[in-house]
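Structure at a glance
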Amino acid sequence: MLLRVISTLPQLNGMKNETLIYALIAVACVVLLTIVAASLINYEGGEDRSYVKRRIAAVSIVVVISAAFFVYFDLVAKNAILNPGFQSMYTSTCIGCVALVFLGSIVVNVILMFLFRHSKYGSILFKMKK
Amino acid sequence: MAKKFFVLGIGGTGMRCIESLIHLCAMGMFDDTDVHMLALDTDINNGNFSRLKEVKDAYMKTKNTNPTNSIASKDTYFSANLKYYQFSPNYEENSTFDSVFDYSSTKSKKPQEAEIADLMFTDDVEDFNLRHGYRAQTHLGSLMMYHSIIEAAKSDTNNDLKSFLTELTNAAQTHPHVFILGSVFGGTGASSIPIIPQAIAKAAGIVSNGSVNIADSAYFGSTLLTAYFNFKAPSQSELSKQKVIASSQKFALNSQVAMMFYDNDTTVKKTYQKFYMLGTEGMDYDPMAKDKEKITETITGGEKQKNDSHYIELMAACAALDFCNTDNTILEANKQNANTEYLYRSRNDSGKLEFQDFVGGSDDALTFAKKFGTLIAFSLLCNGEDDFISGLQDKKQGIGGFEDVDLSQISSLKHYFELFHVKFNSDGTMEDGWLRQLYRSAGQNFLFNNDLFSPTSQKEMMKFDWSDSLYAKDGITKGKEYGGIFSNKFDSFKKKFQEVLTGSQLQATNKCEQVLKLMYDTLCALYKF
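Throughout what follows, the structure given in this document is the object of discussion. (Residues numbered from 1 in each chain as written. Chains lettered and ligands numbered in written order. Predicted model: local features only at pLDDT ≥ 70, side-chain atom pairs only at ≥ 80, totals over all residues. Heavy atoms only, no water.)

This paragraph deals with the side chain of B:Thr62. Residues and elements named next belong to chain B. In this structure, threonine 62 sits in helix H2 (residues 47-63). Judged by relative accessible area, threonine 62 falls into the buried class, the value being 0%. In contact with threonine 62, not counting residues within four places along its chain, are Phe78, Gln409, Ser412, Leu413, Cys512 and Leu516. (Helix = DSSP H or I, 4+ residues; strand = E, 2+ residues; numbered from the N terminus. Buried < 20%, exposed > 50% of the residue type's maximum accessible area, 1.4 Å probe, protein only. Contact = heavy atoms within 4.5 Å.)

The subject of this paragraph is the nonpolar core. Residue and element names in this part refer to chain B. Residues Phe30, Phe358, Phe368, Phe372, Phe378, Phe446 and Met519 are the most contacted members of the largest nonpolar core, which totals 115 residues. With twelve residues, the top contributor of residues to this core is helix H15 (residues 311-325). Beyond its immediate stretch of four places on either side in the chain, phenylalanine 446 contacts Tyr311, Leu314, Leu353, Phe358, Leu435, Leu438, Tyr439 and Phe453. Ile10, Met145, Ile195 and Phe220 belong to the second-largest nonpolar core, a separate cluster that totals 51 residues. (Core = buried A, V, L, I, M, F, W, Y, C linked by side-chain atoms within 4.5 Å.)

For an α-helix, 3.6 residues make a turn, and residues three or four places apart therefore share a direction. Residue and element names in this part refer to chain B. Those residues of helix H16 (residues 328-336) lying buried are Leu331, Asn334 and Lys335. What you see down the axis of H16 is that its buried residues fit within an arc of 100°, all on one side. Exposed side chains of H16 directed beyond 90 degrees from the buried face belong to Thr329 and Gln336. Along its buried surface, H16 packs onto strand S4 (177-181), helix H11 (214-217), strand S5 (219-225), strand S6 (274-278), H15 and strand S7 (341-344). Where H16 ends, the next residue or the one after it, alanine 338, has phi of about 50°, a positive value. (Arc of directions from axis to C-beta.)

Attention shifts here to the interface of chain B and chain A. Each partner contributes residues to the interface: chain B has 21 residues there, and chain A has 14 residues. Interface of chain B and chain A: buried area, both sides summed, is about 1400 Å²; carbon and sulfur atoms make up 53% of it. In this structure, the connection of chain B to chain A is made through two salt bridges. One salt bridge in this structure joins A:Lys120 and B:Asp491, with 2.6 Å as the shortest N-O distance. At the junction of chain B and chain A, the tally comes to eight residue pairs in polar contact (both at pLDDT 80 or more). Element by element, the count of residues in the side of chain B that touches chain A is highest for helix H24 (residues 489-502) of chain B, at seven residues. Counted by class, the side of chain B that touches chain A contains four nonpolar, nine polar and eight charged residues. (Buried area = accessible area lost by both parts, 1.4 Å probe. Salt bridge = Lys/Arg side-chain N within 4 Å of Asp/Glu carboxyl O. Polar contact = N/O pair within 3.5 Å; in protein donor to acceptor, adjacent residues only side chain to side chain. Nonpolar A, V, L, I, M, F, W, Y, C, P; charged D, E, K, R; others polar.)

What follows concerns unusual backbone geometry. Residues and elements named next belong to chain B. Phi at histidine 175 takes a positive value of approximately 55°, unusual for a residue other than glycine. Relative to the elements of secondary structure, histidine 175 occurs in the loop between helix H8 (160-170) and S4. Positive phi outside glycine occurs at asparagine 209, with the angle close to 55°. The topology assignment puts asparagine 209 in the loop between helix H10 (196-207) and H11.

Summed over the entire model, instances satisfying the criterion amount to 41 aromatic pairs over all chains. Pairing B:Tyr77 with B:Tyr520 gives two aromatic rings, centres 5.2 Å apart and planes at 80°, and the pair type is edge-to-face. Separated by 443 residues along the polypeptide, B:Tyr77 in the loop between H2 and strand S3 (81-87) and B:Tyr520 in helix H25 (residues 511-526) bring together distant segments of the chain. For B:Tyr77, a relative accessible area of 0% translates into the label buried. Ring geometry for B:Tyr85 against B:Phe164: centres 5.4 Å apart, planes inclined by 75°, an arrangement best described as edge-to-face. Taken as a pair, B:Tyr85 in strand S3 and B:Phe164 in helix H8 lie far apart in primary sequence, 79 residues in all. Comparing B:Tyr85 with B:Phe164 shows no difference in burial state: the two are buried. We note A:Lys120 situated over the ring of A:Tyr43; from NZ or CZ to the ring centre the distance is 5.2 Å. Taking NZ or CZ as reference, B:Lys53 lies 5.0 Å from the ring centre of B:Phe49, over its face. (Phe/Tyr/Trp six-rings, centres within 6.5 Å; stacked < 30°, edge-to-face > 60°. Lys NZ or Arg CZ within 6 Å of the ring centre and 35° of its normal.)

Limitation: the analysis is restricted to geometry and does not speak to function.
As structure tokens, then:
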């Protein structure tokens, strides 16, 4: 779909909308992968620092997915647009979507971590049960 | 209201049986029970006596920093409320039969009484030092122990024996169960078992000014523990020097004669409602085997007499548990008919010791397996690399609400587990605690998976997967394991602990007891009990 040739303004607007939808899907993927990674990292005895490993995993997933999103949509998908003017219009949308993926993932993760604070996923924030 | 149970541990074997009983209390086998235990030995410096006190202190301080505030609980570890007393006849000043009974002046003033004594006792027996016990001279020991108990009851000064008797007389209305733990082949235990009920009853009468008759109101039971170990025989020079030394070569004969006595004597049958006959098929076990090279002479007593624990002592403690739980109607019927019930247990041909061998019945066996096994898992979660308990207290486990657990209670709990299971030294080596000593005495195939006992260093022990290999893979504990594909033993444990914590309504007297309850519920759920 994104690799078809874009030559008209309506086609460009359609591509922008699709990119936004893919950004939302990417946010969901980041959250899901963070939950899975957190579950797979075992608790440790003694001084339990497994939450540090989960944090590293969470941050890495956000960064990697955001970077991958940017690489694909800005470097690969954009080649389908023939008009340079249209390309620069798409680039600003793309940057906005990457920011949505990055910041949106962080915000959604933090909200869910508060809601599930007693779980391994919630321990990424290292909030203790009272 | 908690049930009251009175236990007397007499002599070196009695001390080790009481030690096993304390471990049963720690497992939670004596729910809702105030256990009053009187440790009775002539040898106050005995190594087994001091080890018992160490275990008792660790137990009581774990349960409550102020033992007087301790109360019995249920379905948790350390559930029994222990009250400890000790009594040791004072032979520091008058340390021989001759001096205790002023034999020299008795011979001149009451020659007939002196002649009766000469009929019963040889000169050597009248003259040996009593500070290390009665050295298998039971005919002397019975007299001396009876006399000591009555003298202590009459004494103007307060002592532990009087406190124990006061509790017993206070419980007289409820027909208390009184159980005696000791051997029939040695010195102090063998001397005391025949006369203890009468001595206790008379002493209680003195303490209560005659208002209570314990002989009528209480039920008495005892172990008849026959010879199960040997030790280095005395050399001729030692015998010449000490005059009287107990020899394990005579233990079998002593046991046989004692058993005949307990089977025939009418006074014993009127006094005791239940006897538990216990013994092993041989006497090959050497309780001092690990120190064999250091032992150059026969140890008559003192701090050097510190025998390793044996599984038969646990069986004796389980006999006490059975007596504690015996219905009063059965005991009353035995008492009225002057009928003593003789119980025994035998091992199956495979030689393997199962849970049923200790407590009988499949439900009781499963309960015993649950409480014993999960306590072992707890010990590994407390003193190993996966130290969960310290991590709770200092929040390093990321679970709040336990910062105010008393540090001294945690320290006592850790020390208890060193005595119960294994102590890790700073160089990575291990010292065997009670459990591993029992395993050695049983010659393998002791209740649990043999893999539990194979580690010889701290590193190996921490690698041992107790989530999967704690219990044997057959019998009543088949399937008692936990773990997932992506979880290790600690990970599954912590997830379950958090789950239990979320759903719990803790009502213990102090934070440490709350932790004990949470650990109990978590581990029982994990092992699918």
